[in-house]
Structures are given as structure tokens and as C-alpha cells.
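# Topology and contacts: notes
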Amino acid sequence: MPELPEVETTARLIRPDLVGRKVREVNVEWTRTLGGQDPFAFTEALVGATIVTVDRRAKWVRIALERRGKSVGTVLVHLRMTGRLVVNPSREEAPDYARVSWRLDRGTLHFLDVRKFGRMEFFRDPTERLAGLGPEPLGEDFTASWFRSALRGRSRALKPLLLDQTFLAGLGNIYVDESLFRAGLHPLRRSDRVPPRRADVLHAAIRDILAEAIEREGSSFDGFYRTPEGQPGGYQHLFQVYGREGLPCRVCERPLKRIVVGQRGTHFCTRCQPTPRS
DNA sequence: CTATGGCCCTGGTTGC
DNA sequence: TGCAACCAGGGCCATA
């Protein structure tokens, strides 16, 4: 499932094929991908516009558009579970599971999505849509001291709190489990009971793991995530706990455990991440 | 504020 | 072999 590293990789790899391109035609094959927006209005907003930037905020890919040198809006793409963005040379037939396609003056951008949870939405000003998001884990705002007091200010279990995009933006199920393992923290530990020193370790773990995963172009393990070029990522080879239920912990060799927390599969080591007292 | 559960979706896996 | 039930899960929403 695409999380920050996979979305970052996607944005980086499609950017060179998109920046400077003009949208010639838009095809909406699955209306709900537009998240309730009218397909005609969506198409009208895009056709004739030129792509000026492609970047990422949280798990959103942002594609900014202009006309005659003036900004006209931004398309936000959320890959959710199985979404992918790929750019094909023009004239090729739309690949399987193409939900929205943009024919460009050179090539075609396809939004592929098996499970149809993904979204592609147009905003004149995307600020409001992104307003509630927490800080970027790799950004300057996400400091150890901010994190320490932010944890103290909440009293939720770490796992759901780190998944909460309004608290911290970009983590998903995989990288939360991996970060908690590296920091030696149980997923059900309450955030306000994390000692400051340990909060610092978790802070570093989150940043280091995300950076390492970006270096390896994300994680591929279930046949879904691929880079826009069709290649699997490489970080799955470095998983310590995710998807390793029953296998020996790489640190202490005790079999790893899987529980369900907030309807999410949660993987951890009972020895390296001791159970909180209450 | 926090917790829980349903919903959206489909392909792959499991169970009989 | 065939088929139905079940599962994964990010974000959002309703409810307690």
C-alpha cells in the first residue's frame, strides 16, 4: 500500500515526463475516482492546461497546472491501496484498471487502480483540502522536541496515533510497524507514557526508515505497488516485522506476533517491544 | 478527546 | 474441481 516513500517515488519518477506537457484530452472511466467531482467540469478544467510542477504532500501527489503562464489549479492524486500513476508513450491502448487517463501532447498519464479506492481530484486551490494534515516526517517542522511534546499531549495508543494523518502525515501501516519495532515500542503503548528519551529514538526511527525506503523506491510485496516504470521497490527486503508473523525476530529470534489494532494488522516482537503495563 | 465499526472495492486465498 | 466466504486496508463518517 503506497505510503510516503512510494508516493514520493511515484512523484519523482513521473515528474520528468509530465512537467511542460499540455493536456489534450481526459478520459474518466470510473467516475467515483473523482471523489464526487463532475467529470465534465474536471475535464474542462484540465484540457488545454500545462503541467508546471509535480510533487508530494503527505500521501498526495500534487500536479499543478497553468494556462498562459497563470496558475489555474492543482490535481491531487491519492493512491490509497492499489493506485498507480504511469506515463505511457502516446497511442498505446489504456492498460488494465485505468480509471482516469490524460492524453498529453507527448504521452499519456494513466491512473490505474484495481480496488478503486484511489482519488484524483481537481482544486483551484488545494490548500483547504490539505489543511488538516500534520507535519511532514522528513520536513523541518518535524523536530524531536515537537514530537516529544506532541506525544505527551495525546493519550492514544501509538499505532493509531501514528496512522492519524492529522497528527503526522505520510505514515501507513507498514512504516508504522517498522518504526515502532526499531524504537522498541509496543504498538499499544499510550503516547503520553513514552519517555522523552524513547520518543527521540522513535523520531529518529521514523525519519531514518522513511529515508531508507525512499532510497530503495518503496516496498513491494503483494504484487500491487510498482514504480511508474513498473519496477518493484526494494525496501521489503529490509522489513523487520511487517508480514513476518511467526518468523523469528531478527534481533532476539523470538517468533513475531500479529495482532489487530484499529482494524489494521499489526506486527511486533513481544520481547523487543514489551507490553505496556495497563 | 478517544475508541469502535461500517463503508468503499476487487483479486487472491482459504475452506468445504 | 468448483464455488462461496473471507481478507487486506486508507480515509472518512457515524456513533458512543
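Everything numeric in this text was worked out from a predicted model, so none of it was measured. (Residues numbered from 1 in each chain as written. Chains lettered and ligands numbered in written order. Predicted model: local features only at pLDDT ≥ 70, side-chain atom pairs only at ≥ 80, totals over all residues. Heavy atoms only, no water.)

## Things to note about the protein's contact with DNA strand C
Definition in use: Nearness here has a simple test: a residue counts as near a molecule or strand if at least one of its heavy atoms is within 4 Å of that partner. Pairing of N or O atoms within 3.5 Å defines a polar contact, subject to two protein rules: one partner must be a possible hydrogen donor and the other a possible acceptor, and residues neighboring in sequence count only if both atoms are side-chain atoms. As a working rule, the residues Ala, Val, Leu, Ile, Met, Phe, Trp, Tyr, Cys and Pro are called nonpolar, Asp, Glu, Lys and Arg charged, and the rest polar, with Gly in that last group.
Taken together, 14 residues lie around DNA strand C, and Met 81, Arg 115, Arg 129, Tyr 242 and Arg 264 are the ones closest in. Restricting the count to atoms of DNA strand C within 4 Å of the protein gives a sugar and phosphate share of 65%. Separating a phosphate oxygen of DNA strand C from a side-chain N or O atom of Arg 129 is a distance of 2.5 Å. Of the residues contributing to the surface near DNA strand C, the split by class is 4 nonpolar, 4 polar and 6 charged.

## Observations concerning the domain arrangement of chain A
Our working rule: Note: domain ranges come from an automatic or database domain assignment. Whether two residues touch is decided by their heavy atoms; if any such pair falls within 4.5 Å, the residues are in contact. What gets called buried area is simply the loss in accessible area from a 1.4 Å probe that two parts show on being joined, summed for both. Counted as salt bridges are all cases of a side-chain nitrogen of Lys or Arg within 4 Å of a carboxyl oxygen of Asp or Glu. Secondary structure elements are taken from DSSP: a helix is a run of H or I of four residues or more, a strand is a run of E of two residues or more, and numbering for both begins at the N terminus.
As far as domains go, chain A holds domain 1 (4-130) and domain 2 (144-268). Each of domain 1 and domain 2 was reduced to a C-alpha centroid, and the two centroids are 29 Å apart. Each partner contributes to the interface: domain 1 provides 18 residues, whereas domain 2 provides 19 residues. Between domain 1 and domain 2 the total buried area reaches about 1500 Å² when both faces are included, carbon and sulfur atoms providing 68% of it. It is Glu 6, Leu 13 and Arg 84 in domain 1 that bury the most area against domain 2; as a group they hold 33% of the surface buried on that side. Connecting domain 1 to domain 2 are 0 salt bridges. The leading source of residues in the side of domain 1 that touches domain 2 is helix H1 (residues 4-18), at 9 residues.

## Some details on the side chain of Arg 84
Using the following cut-off: Residue burial is assigned from relative accessible area. The probe radius is 1.4 Å, only protein chains are included, and a residue is buried under 20% of its type maximum, exposed over 50%, and partly exposed in between. When charges are counted, neither His nor the chain ends are considered; positive counts come from Lys and Arg and negative counts from Asp and Glu.
You can see Arg 84 is positioned in strand S5 (residues 83-88). Buried Arg 84, no salt bridge; nearest opposite-charge side chain is Asp 113, N-O distance 9.6 Å. At 3.3 Å, the side chain of Arg 84 forms a polar contact with the backbone oxygen of Thr 227. When neighbours within four sequence positions are excluded, Arg 84 is seen to be in contact with Leu 79, His 110, Phe 111, Leu 112, Phe 224, Arg 226, Thr 227, Pro 228 and Gly 230.

## Remarks on helix H6 (residues 173-183)
With respect to burial, H6 is a largely interior element, 10 of its 11 residues being buried. Elements that come into contact with the buried residues of H6 comprise H1, helix H5 (158-163), helix H7 (196-215) and strand S10 (264-268). Within two residues after H6, Gly 184 carries a phi angle of roughly 70 degrees, on the positive side.

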